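# Geometric and topological summary
Listed below, chain by chain, are the residues.
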Amino acid sequence: MKTTPIPVKRIALREWLILSCLLLILTSALSITNVLGRVDLVFYDHFMQLSTHEVRDDVLIVAIDDFSLNELGKWPWPRQRHADLLKKISAAKPLAIGMDILFAEPESTNSEETPSGDQALADAIKENHRVVLPLVSESAGKGLDATLPIATLANVAQIGHIHIELDQDGVARSVFLREGTKGEWWPHFALAMKNLAQNTKAGSEQYLPGNRLSATARSTPAQSDAWTRDYQMYIPFSGGNGHFQTVPYAAVLRGEVPESFFKNKYVLVGPTAVGMADSFPTPVSSNDGLVSGVEINANILASLLDERSIRFVPGWLILLCNLIILGTALAAYLLLSPRKALASTGVLFVLAMTGSFLLMRYTGWWLPSSPVLCALIIAYPIWSWRRLEAAIQYLGEEFSLLEKEPHLLPEFIDDEQPRQAALTDTLESSINAMRLAANRVRDLRQFVSDSLASLPDATLVTTTDGNVLLSNQVARAYFAGLGIPKVNDALLPYLFAQMSPPQASEQTQNNSFSWWDILDLKHTSNMKQGIEVRDPRQQDVLIKSAPCYNADKVLVGWIVSIINITAIRAAERSRDETLHFISHDMRAPQASILALLEMQKEPATALSNDEFMARIEKASRITLGLADNFVQLARAESQDYRFEEVDFQNVLIDATEEMWSLAKSKNIRIKTAIPDDEYPARIDRSLVTRVLTNLLSNAIKYSPRDTTITCTLALEQHLADAEIVCNISDEGYGIPRAEQNKLFQRFQRFKTTDQPKNDGVGLGMVFVKAVLDRHHAKIDFTSAPNEGSTFNLRFPATLI
């Protein structure tokens with residue numbers, strides 16, 4: 001009993017479904033549980049570093065830096081100094097001033113006579129009306145409590161917290177815009193500066209980004225001692241240390257910075273000196289160490305002013321995007337080749353990372369992609385392994401079946417193959433077996449293709465519905481000449497749609513013909529004999545078709561051949577014309593001679609001896625001329641040409657001298673105009689001379705007496721070659737316009753009303769055209785009745 005192996009597609013589909021389910025579950029679990037959160041934070045930080053942009057020019061930092069400490073002494077400084085600084089800055093009318101310095105305790109003095117700087121600082125703050133002071137939270141034993149500036153300062157300044165949120169890895173990426181306890185809320189330091197500048201009351205801001213507290217947390221009673229935070233905003237850092245405009249504290253205090261520098265700007269005053277500032281690691285400080293708190297506050301302020309923040313994509317959307325990317329990769333594994341599937345995995349991997357980066361940079365949304373990146377890393381190796389297992393299994397089963405198939409073509413058997421097979425593994429053995437089978441199929445197909453290509457006639461192989469599967473070069477060239485460049489996959493009846501209907505036959509004269517009949521088994525007997533049609537190029541072709549059957553005698557296609565019989569039909573027409581000529585033109589002079597001989601036998605009808613001989617001579621010369629024309633035309637159409645290098649003017653002179661006596665008989669003058677030059681050409685001298693004498697003879701025959709025939713010669717130079725132009729003009733009767741297109745056809749003779757009769761055969765111009773074609777020369781003419789004719793001959797010149 002014959003066993004049929006499971007198709008490889010079914011095996012692949014089963015493996016693909018199992019792998020897809022496992023990877024989709026894994027990706028979903030990683031997306032929901034955020035196990036790879038640390039990895040996402042690494043990508044987040046790198047993308048943030050790449051997303052830096054130009055800072056606002058209205059945010060300025062007055063830094064308590066190492067230079068200022070060296071110039072003004074050790075910290076802490078007298079608060080009178082801070083008051084003096086505020087007065088200098090306030091004089092320029094800045095939008096807001098943020099003093100990122102803690103004033104949690106009153107200033108101590110050395111003596112009672114020395115006034116405290118707290119009141120001077122309070123007066124300076126009160127005079128400005130746009131100063132923000134910081135608060136911090138401290139542990140109060142049972143929880144956190146707010147540490148405000150001293151009352152003297154807190155009563156005249158706006159208060160904002162300066163807390164920075166640190167993630168699990170200790171990096172500062174976000175901040176809470178509102179924090180409070182016991183029902184009292186404070187805005188962030190940067191938000192308080194914005195509100196002051198824009199005269200906005202805290203809690204009524206139109207733009208307040210960040211994640212809100214849960215509904216449960218927001219409903220906590222006001223009496224609760226818990227420290228509550230709301231509106232967590234992820235900071236879109238503009239850059240690392242030194243990104244914002246910074247001036248030293250000491251330089252401002254000394255007046256070295258003009259007041260206009262602070263006008264209409266947000267001024268933050270805070271420490272940046274090493275060991276003094278509250279500095280934190282940030283996403284943009286990988287190479288710059290820590291970023292000072294005042295610079296972080298500057299980044300927060302700039303983000304609030306630009307209404308920019310980093311927002312996290314909702315979890316369900318993260319899961320959906322990751323599953324879509326993974327699903328696309330899995331679809332590529334099933335539908336594409338291994339190489340393209342691997343390339344698709346790489347492209348999707350890059351797209352996932354690039355998409356996250358572009359989304360963060362241009363929209364401010366953060367889409368974690370580590371779950372799908374992890375899935376893509378392991379997906380292709382697992383899929384390749386499972387597909388390889390399936391391929392080995394399939395090849396092993398198919399190998400046993402292939403060995404039982406008959407071998408249609410002779411094969412070369414290598415004696416070393418059995419010995420090598422014992423040293424190869426299962427996969428390589430299966431591959432070798434499949435390679436052998438593929439070679440057999442390839443050889444068989446090549447045999448069929450070579451057989452088809454070697455056929456002399458255009459041949460097509462179609463499906464049962466007429467779709468072309470195979471075509472040989474002859475067929476493609478034939479239809480390309482008809483303006484159909486693509487033959488394969490075309491529908492057969494449409495390829496023949498431009499051809500004329502077939503000639504009526506016994507089988508088709510009683511039935512209307514359709515091109516679909518060539519694919520109909522009912523018309524098989526007729527199509528084996530063929531139908532004769534004419535194509536758009538006016539070629540006669542014979543179309544035949546025959547059905548093709550498989551081993552089960554089921555119709556699987558058709559073989560259609562197109563045989564060009566134009567030459568056969570032309571030969572038949574030439575034969576008919578020749579027979580007509582022999583039966584009429586050649587027979588007439590001979591019949592005249594016989595009639596004259598019969599008349600001469602009777603004394604009553606006998607002619608004088610001179611007249612009798614003249615008529616016999618005339619009929620003989622006509623017969624000789626006809627025979628000579630046939631011989632010359634046969635030579636012109638033959639392959640035996642004797643080319644030689646000649647000067648064309650000598651050939652023209654020979655022709656004119658040969659025609660001199662004929663022209664003299666009608667008092668016609670032959671005039672030549674040949675410039676003094678050389679006219680080298682490679683021609684058959686005798687045949688070209690005959691061409692010229694034919695044209696001159698026609699000019700003499702078809703011109704009245706006392707006229708002139710002009711022959712000119714010229715050498716025309718072109719970029720790549722040169723031509724010899726010979727013109728022969730007469731003043732004769734001309735050629736009727738309606739007959740001019742028949743001039744180079746066999747047995748064509750023309751006559752105008754005023755033209756005397758000439759004994760022409762109609763082969764002279766056919767001879768001229770045949771000789772010129774063999775010389776790759778051209779001929780054209782202009783003619784009008786009673787105005788004469790001009791023939792222009794162009795021969796290739798052989799210049800050195």
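Scope of this entry: the structure provided in the associated data block. (Residues numbered from 1 in each chain as written. Predicted model: local features only at pLDDT ≥ 70, side-chain atom pairs only at ≥ 80, totals over all residues. Heavy atoms only, no water.)

This part takes up a nonpolar patch on the surface. There is a patch of nonpolar side chains on the surface, built from Leu13, Leu17, Leu334, Leu335 and Leu336 and spanning about 430 Å² of accessible area. Tracing the backbone shows leucine 334 in helix α11 (residues 315-335). For leucine 334, a relative accessible area of 32% gives the class partly exposed. (Patch = residues over 30% accessible without salt bridge, like charges linked within 9 Å, V, L, I, M, F, W, Y side chains within 5 Å. Areas by Shrake-Rupley, 256 points an atom, 1.4 Å probe, with all protein chains shown as cover. Salt bridge = Lys/Arg side-chain N within 4 Å of Asp/Glu carboxyl O. Helix = DSSP H or I, 4+ residues; strand = E, 2+ residues; numbered from the N terminus. Buried < 20%, exposed > 50% of the residue type's maximum accessible area, 1.4 Å probe, protein only.)

On to unusual backbone geometry. Between tryptophan 75 and the following residue, proline 76, the backbone shows a cis peptide bond with an omega angle of 0°. Non-glycine residue lysine 93 carries a positive phi angle of around 55°. Relative to the helices and strands, lysine 93 is located in the loop between α4 (79-90) and β2 (96-99). Its identity as a non-glycine residue notwithstanding, tyrosine 231 has a phi of 60°, on the positive side. According to the relative accessible area criterion, tyrosine 231 is buried, its value standing at 13%.

A few words now on the side chain of arginine 79. The residue arginine 79 is located in helix α4 in this model. Its relative accessible area of 11% is what places arginine 79 among the buried residues. Reaching out from arginine 79, the side chain makes a polar contact with the backbone oxygen of glutamate 105 at a distance of 2.6 Å. Among all residues touching arginine 79, those that are not within four sequence positions of it are Phe103, Glu105, Pro106, Glu107, Gly117, Asp118, Leu121 and Ile150. (Polar contact = N/O pair within 3.5 Å; in protein donor to acceptor, adjacent residues only side chain to side chain. Contact = heavy atoms within 4.5 Å.)

All right, on to the sheet that holds strand β26 (residues 778-784) then. Within a beta sheet, neighbouring strands are joined by backbone hydrogen bonds and run either parallel or antiparallel to one another. Across the sheet, which stays open at both edges, the five strands sit in the order β22-β24-β25-β27-β26 with mixed pairing between neighbours. Looking along the sheet, the strands with just one partner apiece sit at the ends: β22 (669-673) and β26. On average, each strand axis in the sheet is inclined to that of its neighbour by 15°, with strand direction left out of account. Note: β22 against strand β24 (residues 708-717), five bridges, orientation parallel. The residue bridging lysine 671 from the neighbouring strand is threonine 710, located in β24. Across the face of the sheet, helix α21 (residues 648-658) comes into contact with β22, β24, β25 (722-729) and β27 (788-796) while running at roughly 170° to β24. (Pairing = 2+ DSSP bridges. Axes fitted to C-alpha atoms, helices over the stretch in contact; angles between N-to-C directions.)

The N-to-C vectors of helix α7 (residues 189-198) and helix α10 (residues 293-306) enclose an angle of 45°; their axes lie 8 Å apart at closest approach. Relative to α10, the element α7 lies oblique. Considering only the axes of α7 and α10, their crossing is right-handed. For the pair formed by α7 and α10, the contact residues are Phe189, Ala190, Leu191, Met193, Lys194 and Gln198 on the first element and Asn297, Ile300, Leu301, Leu304 and Leu305 on the second. When its residues are assigned to classes, the contact of α7 with α10 shows eight nonpolar, two polar and one charged. (Parallel < 35°, antiparallel > 145°, perpendicular 65-115°, else oblique. Left-handed = near helix turned anticlockwise from the far one by under 90°. Nonpolar A, V, L, I, M, F, W, Y, C, P; charged D, E, K, R; others polar.)

Another point: the packing of aromatic side chains. For any pair of aromatic rings, geometry is given as the distance between the ring centres together with the angle between the planes. The tally for this structure, following the rule as stated, stands at 17 aromatic pairs. A centroid spacing of 6.3 Å and a plane angle of 10° characterise the contact between tyrosine 333 and tryptophan 383, whose relative ring orientation is stacked. One end of the pair, tyrosine 333, is in helix α11; the other, tryptophan 383, is in helix α13 (residues 370-402), with 50 residues separating them in the sequence. With a relative accessible area of 1%, tryptophan 383 lands in the buried category. A network of ring pairs unites the aromatic residues Phe43, Tyr44, Phe47, Tyr234, Phe312, Phe357 and Trp366 as a single cluster. The ring of phenylalanine 261 has lysine 265 lying over it, and the distance from NZ or CZ to the ring centre is 4.3 Å. The residue whose ring lies beneath arginine 386 is tryptophan 385, and the NZ or CZ to ring-centre distance is 4.8 Å. (Phe/Tyr/Trp six-rings, centres within 6.5 Å; stacked < 30°, edge-to-face > 60°. Lys NZ or Arg CZ within 6 Å of the ring centre and 35° of its normal.)

Now for the nonpolar core. If you look at the biggest cluster of nonpolar residues, it comprises 46 residues, and the most contacted ones within it are Leu177, Met193, Leu268, Ile296, Ile300, Leu301 and Leu304. Counting residues per element, this core draws most heavily on α10, which supplies eight residues. In contact with leucine 177, other than residues within four places in its own chain, are His161, Trp186, Pro187, His188, Leu191, Leu208, Pro209, Asp230, Tyr231, Met233 and Leu304. Residues Ala655, Val688, Ile724 and Phe781 belong to the second largest nonpolar core, which totals 41 residues. (Core = buried A, V, L, I, M, F, W, Y, C linked by side-chain atoms within 4.5 Å.)

Contact geometry for α11 and helix α12 (residues 338-363): axes closest at 9 Å, N-to-C directions at 170°. Here α11 is positioned roughly antiparallel relative to α12, judged by the angle of their axes. Contacts between α11 and α12 pair Ile325, Thr328, Ala329, Ala332 and Tyr333 from the former with Ala341, Ser344, Thr345, Leu348 and Ala352 from the latter. Its residues placed into classes, the contact of α11 with α12 shows seven nonpolar, three polar and no charged.

This next bit is on the sheet that holds strand β17 (residues 468-471). Spatial strand order, β17-β16-β20-β19-β18: five strands in an open sheet with antiparallel pairing. Each end of this open sheet is capped by a strand with a single partner; those strands are β17 and β18 (531-534). Shown here is a sheet whose adjacent strand axes are inclined to one another by a mean of 30°, direction ignored. In this structure, β18 lies alongside strand β19 (residues 540-549), joined through four bridges in antiparallel fashion. Looking at β19, one finds that arginine 534 is bridged to aspartate 540. Here helix α16 (residues 473-481) sits on the sheet and contacts β16 (458-462), β17, β19 and β20 (555-564); the angle it forms with β16, its principal contact strand, is near 100°.

On to helix α5 (residues 117-128). Under the 1.5 Å per step criterion, the end-to-end length of α5 is 17 Å for twelve residues, consistent within 8% with the ideal 16 Å. Listing the buried residues of α5 in full gives Gly117, Asp118, Ala120, Leu121, Ala122, Ala124, Ile125 and Asn128. Those residues of α5 that are buried are in contact with α4, β2, β3 (131-139) and α6 (151-154). (Expected span 1.5 Å × (residues − 1).)

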